[in-house]
Amino acid sequence: MTKLIYELSRPGKRTYIPVKKENISSKFPHELLPSKFIRKKKAYLPEVSELEVVRHFTNISQLNVGVDTNFYPLGSCTMKYNPKISEYITQDSQFKDIHPYYPEKFSQGALEILYETASYLEKISGMDKVTFQPAAGAHGELTSLLVIRAYHTANGNPRKKVIVPDSAHGTNPASSALAGYEVIEVRSNEKGMVDCDHLRELMDEDVAAIMLTNPNTLGIFEQNIKKIADLAHEYGALLHYDGANLNAILGRVRPGDMGFDTIQFNLHKTFATPHGGGGPGSGPIGVKSHLVKFLPVPHVEKKKGGAYFLNYDYPESIGKVRAFYGNFLVVLKAYIYLRILGERGIFETSAGAVLNANYLLGLIKDKFDLPYNERYMHEFVVSTKRYKDKGIKALDVAKRLIDYGFHPPTIYFPLIVKEDLMIEPTETEDREVIEAFADALNSIAEEIDKDPDLLKEAPHVTPVGRLDEVWAAKHLILRYEKTEN
Ligand SMILES: *Cc1c(COP(=O)(O)O)cnc(C)c1O
């Protein structure tokens, strides 16, 4: 168990002392501080040697798990490797230190990057206009729904309902509710796709939008997408594409061609920004031409002579959903990534993602249940149902994977599959890694037969064992509380 630095504290231990006390007080004379801010009691700080500090922080830094240290097949999240060159370039002060209030004539380069990246995303998605304002995927969903609401309102009636499938990501119903809509759930059929008969029953003129991701959260492509789009449009409803799974179809099919009216991208999933741990994301949205006038302002546009400018002149715009123009450095990373890949590379990305997922599925499918016998795209869902008699749940398999050195996949999502593991290897992993992961899962399946307790008590190699994760997330302890004297 890793100690807290306060627990290492021993009176009198010191690190390097940089300046003499007299010099500190002459440099920062006490009088400059109003007396109410001066401590009455000495601060309680750990007393430790320099070497202890270095070891302590080096050791805890190594407790982190990330794509840079381990295979991280978290389904729906696309935890792929993010090329270091984009990190390197974004750290250049010409990008990093640019201020959003710089006059347009001094920020032409940055505006060009926003403009160009938008045009790449428009091409990839088949949409007419992209904005970078939303801060992440869920925020992009909300912004899309606000645009949809503005569209219906302009047509005389904002409408009342948004339809989402029972396999949807939790953010879909949440964004719909935040946008003021009632959430209606459409069932999935035995193939894991939208039940079109049920959808038809649910449709009426109060439906503002249908939200779908395609391939859906099971990793299955909605084959009836054209039919669904036609049905939505027949009732005057719009179709929103949750772009979290875009990695599967990059450069092959376009949501715009499938009949979607709006899309949100997750640049931090598909386009090379590290995520997890709450770092900055970016959730641009793209819309078809009939919705452009409702997008948040400003739009980055190009004058005839070639100069870029920020256009606020959209009187029907929903306004602003975030300060300035979006998370610029995340957009820049996407730009670099797209420029490195080029059209061919983008096309190969989705091929690799789908191939890796299907190769992995082929290696483990004898030991786990496959709830849908369909063709999978970039991710798939298997279940541990057959091990229920031994008292083993998906959670136990996930925890045991940690002992084998792998980050567990997503579990218990989508909600329509019981005891499921949702696995997305991504295109950035080698065949050797996929095989090692399959070996681990297959060994764990054998352990269930021989020694199920090994799983129930897992993980065994971490500083702390089985946690009550919900409790821990709701009662975060981020600060050391001194207990004695
Ligand atoms: C991740 C995800 C989202 C939400 O995106 P964030 O950027 O995390 O807000 C929405 N839908 C699906 C299917 C996702 O996987």
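Residues numbered from 1 in each chain as written. Predicted model: local features only at pLDDT ≥ 70, side-chain atom pairs only at ≥ 80, totals over all residues. Heavy atoms only, no water.

A. Expanded view of the sheet that holds strand β5 (residues 238–242). Taken together, seven strands build an open sheet; the order of strands is β1-β7-β6-β5-β4-β2-β3 and the sheet is mixed. Among the strands making up the open sheet, the edge pair consists of β1 (129–131) and β3 (182–186). Strand-to-strand twist of the sheet, defined as the mean angle between neighbouring strand axes without regard to direction, takes the value 20°. Bridging between strand β4 (residues 207–212) and β5 involves four bridges; their strand directions are parallel. Considered in β5, the bridge of Leu-212 is made with Tyr-241. (Pairing = 2+ DSSP bridges. Helix = DSSP H or I, 4+ residues; strand = E, 2+ residues; numbered from the N terminus. Axes fitted to C-alpha atoms, helices over the stretch in contact; angles between N-to-C directions.)

B. Molecular detail of the domain arrangement of the chain. When cut into domains, the chain gives domain 1 (5–61), domain 2 (84–340) and domain 3 (350–473). Once you take the C-alpha centre of each, domain 2 and domain 3 turn out to be 31 Å apart. At the junction of the two partners, domain 2 supplies 24 residues and domain 3 supplies 19 residues. Of the roughly 1,600 Å² buried between domain 2 and domain 3, counting both surfaces, carbon and sulfur atoms make up 60%. (Domains from an automatic or database assignment. Contact = heavy atoms within 4.5 Å. Buried area = accessible area lost by both parts, 1.4 Å probe.)

C. Focus on the pattern of salt bridges. Applying the stated rule across the entire model yields 21 salt bridges. Note that Glu-316 is salt-bridged to Lys-293, the shortest N-O span being 3.6 Å. Pair noted here: Glu-316 is in the loop between β9 (308–311) and α12 (328–364) and Lys-293 is in the loop between β7 (285–287) and β8 (299–302), with a separation of 23 residues, a long-range link. With relative accessibility at 38%, the residue Glu-316 sits in the partly exposed group. Two residues, Arg-386 and Asp-369, come together in a salt bridge whose shortest N-O distance is 3.4 Å. A residue pair is termed long-range when its members are at least 10 positions apart, and Arg-386 in the loop between β10 (380–383) and α13 (394–403) and Asp-369 in the loop between α12 and β10 qualify at 17 residues. Take Arg-386: its relative accessible area is 37%, and that puts it in the partly exposed class. Each of the salt bridges in this network shares a partner with another, and the network as a whole consists of Arg-400, Asp-403 and Glu-447. (Salt bridge = Lys/Arg side-chain N within 4 Å of Asp/Glu carboxyl O. Buried < 20%, exposed > 50% of the residue type's maximum accessible area, 1.4 Å probe, protein only.)

D. Structural context of the pairing of strand β2 (residues 161–165). β2 sits mainly inside the fold: five of its five residues count as buried. Side chains of β2 alternate between two faces, with Lys-161, Ile-163 and Pro-165 and Val-162 and Val-164 buried alike. One ladder, built from five bridges, connects β2 with β3; its direction is parallel. Each bridged residue has a counterpart across the sheet, and for Lys-161 the counterpart in β3 is Glu-182. Regarding the hand of the β-α-β motif, the stretch spanning β2, helix α7 (residues 171–178) and β3 is right-handed. When β2 meets β4, the two strands line up parallel, connected through three bridges. Following the sheet pairing, Val-162 is matched in β4 by Ala-209. (Right-handed = clockwise from strand over helix to strand, strands pointing away.)

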